[in-house]
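An overview of the molecular structure
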There are 2 protein chains.
Amino acid sequence: MNTEHRSGCPINLSLEVFGDRWSLIILRDIIFGGRRHFRELLNGSIEGIASNILADRLKRLMELGLLTKADDPSHKQKAIYSLTEMAITLVPIMAHLGAWGRVWLPVSEELSIRAELLEKGGPPLWDRFMDELRHEHLGAPVKTPPGTATVRRQLQAAYEAVVARKPQATAG
Amino acid sequence: MNTEHRSGCPINLSLEVFGDRWSLIILRDIIFGGRRHFRELLNGSIEGIASNILADRLKRLMELGLLTKADDPSHKQKAIYSLTEMAITLVPIMAHLGAWGRVWLPVSEELSIRAELLEKGGPPLWDRFMDELRHEHLGAPVKTPPGTATVRRQLQAAYEAVVARKPQATAG
DNA sequence: CGATCTGCTTGCATGTTGCAATCAGTTGCA
DNA sequence: TGCAACTGATTGCAACATGCAAGCAGATCG
C-alpha cells in the first residue's frame, strides 16, 4: 500500500481512494447488484473488467478498509466479500453521482432507472438502503418492519420492468 | 475525444468523466480556489500537477463540456477558464466527497475546514454557492442580497483562521 | 476419474502518467 | 531597442497502469 498522500484535502484523499476507473464500479456492483464473489463481479460486470484488475482492486479496497473477505462455508475456495461501514456510507455519493450523470450524460433508460428512484427517494431511502446493507454485510439487526420490500429488490424490480417494457415500445 | 462508453450506467458515465486522479482536483481549485488561469492552477496546486497533465485535462474538460475558455483582455496569451452549468452542479458531489473524506480519511485540519462548513451549511449553502459561481462564470444575475459575504470568501476566511490558529496551538 | 468451477496470477502489448526541459509569443521595464 | 519575465502550452523519456488471453492449483460434482 502506498501510504503517501498528495495532500490532506478531503476531496483529494477521497479521490486517492476511488479516483480511478474501476474501484467505484466494483463497489456499485456489490452495493446495488448484491454481488459477493469474485466470479459474480467478473462475469456480471457490464463494463467488462479484466480479472487481474478486479483482483488488484479487491485487494486494494481491502487494504483501504472498504471491503473485508471471508470464507464461504459452502465452498472452500470461495471467498465472500463484505462491505465495511466505510463503504456503506458511500451510498449518498453513489446517489449523487447517478443523479448528476442522469442529467448530463447519455445514460441508458434501463440502467438509470435505479438512479432515478434513488434520487426521488432522497436521504430517507438512502438511509433505509444503508441499513439493509449493514444487515447484509455487517450482520446488524434489521430496523425496517418485517415484510417491507427491500430497497435493492425495489430497484431491481423497477429495472426489470423497464427492460420488459422496452421491446413493446419498439413494437408499438 | 473518445466517444465510446463502457456502459450507459449513470455512475459509470460519471466515472468516465472524472474518474481519474486530476480532473476533480482541477475543478475543485476553480470552484473553491477561484483560479481561472493556467498558471494559477499549475502553481497553486498543492497536489503538484504537472503542466502537461493540466493542459491535457483542461482540454478534456472543455471537450466534455465542463469548462469553457475565453481570451483574457489584459494579456493576449492569457486564457480564462470558466465553469459551465454542468460543472457547477458538481458542488453537491464535492460537498459529499469532502464530508466522506473527513470521516474516513486522514485529512488535515486546515484543508478540511471548508468541507466541514460546506457539510454544516447543507443544500441551502450549496445553492447559494452555486448561484455565486453562476454569476462569476456565466454572468448570471446575483440572487443573494447585496452586502452578503460570498460563500467562497466565508470558506476562505475560515481556512485562514485555522492556519493562523495553528502556530498558537503548537506553542501553547 | 475427469470435467467443471473456484479465486487468482502471469506474460505481453499498449496506453497513460509524471517529471524536467523546452517552446514561441507577449509584456513590462530600462 | 534590448532583454528578462511571464503566458499557455508541447516534447522526450522512463515508469507505471491497463486490458486481453491463457494458465494455475485446489475443490467440487457426477
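Conventions we followed
Residues numbered from 1 in each chain as written. Chains lettered and ligands numbered in written order. Predicted model: local features only at pLDDT ≥ 70, side-chain atom pairs only at ≥ 80, totals over all residues. Heavy atoms only, no water. Salt bridge = Lys/Arg side-chain N within 4 Å of Asp/Glu carboxyl O. Helix = DSSP H or I, 4+ residues; strand = E, 2+ residues; numbered from the N terminus. Buried < 20%, exposed > 50% of the residue type's maximum accessible area, 1.4 Å probe, protein only. Domains from an automatic or database assignment. Contact = heavy atoms within 4.5 Å. Buried area = accessible area lost by both parts, 1.4 Å probe. Polar contact = N/O pair within 3.5 Å; in protein donor to acceptor, adjacent residues only side chain to side chain. Nonpolar A, V, L, I, M, F, W, Y, C, P; charged D, E, K, R; others polar. Near = heavy atom within 4 Å.

**Describing the pattern of salt bridges**
All names here are of chain A. Per the stated rule, a full pass over the model turns up 24 salt bridges over all chains. Among the ionic pairs, Arg102 bridges to Glu119, the shortest N-O distance being 3.3 Å. Here the residue Arg102 occupies a position in helix α6 (residues 91-104), and Glu119 occupies one in helix α7 (residues 109-138), the gap between them amounting to 17 residues. The class of Arg102 is partly exposed, set by a relative accessible area of 28%.

**A few points about the domain arrangement of chain A**
Put simply, an interface is often sized by how much accessible area is lost when its parts join up. All names here are of chain A. Domain assignment breaks chain A into domain 1 (10-84) and domain 2 (89-171). Each of domain 1 and domain 2 has a C-alpha centre, and the two are 19 Å apart. Each partner contributes to the interface: domain 1 provides 16 residues, whereas domain 2 provides 14 residues. At the boundary of domain 1 with domain 2, total buried surface from both sides reaches about 1200 Å², with 76% on carbon and sulfur atoms.

**Here's the deal with the interface of chain B and chain A**
Of the residues lining the interface, 46 residues belong to chain B; the matching set on chain A comes to 46 residues. Carbon and sulfur atoms make up 73% of the surface buried where chain B meets chain A, a total of about 4100 Å² over both sides. Seen at the junction of chain B and chain A, the total is 0 salt bridges. Where chain B meets chain A, there are 17 residue pairs in polar contact (both at pLDDT 80 or more). For the side of chain B that touches chain A, the elements supplying multiple residues, two or more each, are α1 (10-18), α2 (23-33), α5 (85-88), α6 (91-104) and α7 (109-138) of chain B. Among the elements that line the side of chain B that touches chain A, the one with the most residues is α6(B), at 10 residues. Grouping the amino acids of the side of chain B that touches chain A by side-chain chemistry returns 26 nonpolar, 12 polar and 8 charged.

**Focus: the protein's contact with DNA strand D**
Residues in contact with DNA strand D amount to 21 residues; listed here are only the nearest, A:Trp22, A:Arg57, A:Gln77, B:Gln77 and B:Tyr81. In DNA strand D, the atoms that sit within 4 Å of the protein are 59% sugar and phosphate, with bases accounting for the remainder. One of the side-chain nitrogen or oxygen atoms of A:Asn52 is found 2.7 Å away from a base nitrogen of DNA strand D. Contact between DNA strand D and B:Phe38: a phosphate oxygen at 3.3 Å from a main-chain N or O atom of the residue. Going through the elements one at a time, α4 (51-63) and β2 (75-83) of chain A together with α3 (38-44), α4 (51-63) and β2 (75-83) of chain B are the ones with two or more residues in the surface near DNA strand D. Sorting elements by how many residues they give to the surface near DNA strand D places β2(B) first, with 5 residues. Split into classes, the residues belonging to the surface near DNA strand D amount to 6 nonpolar, 10 polar and 5 charged.

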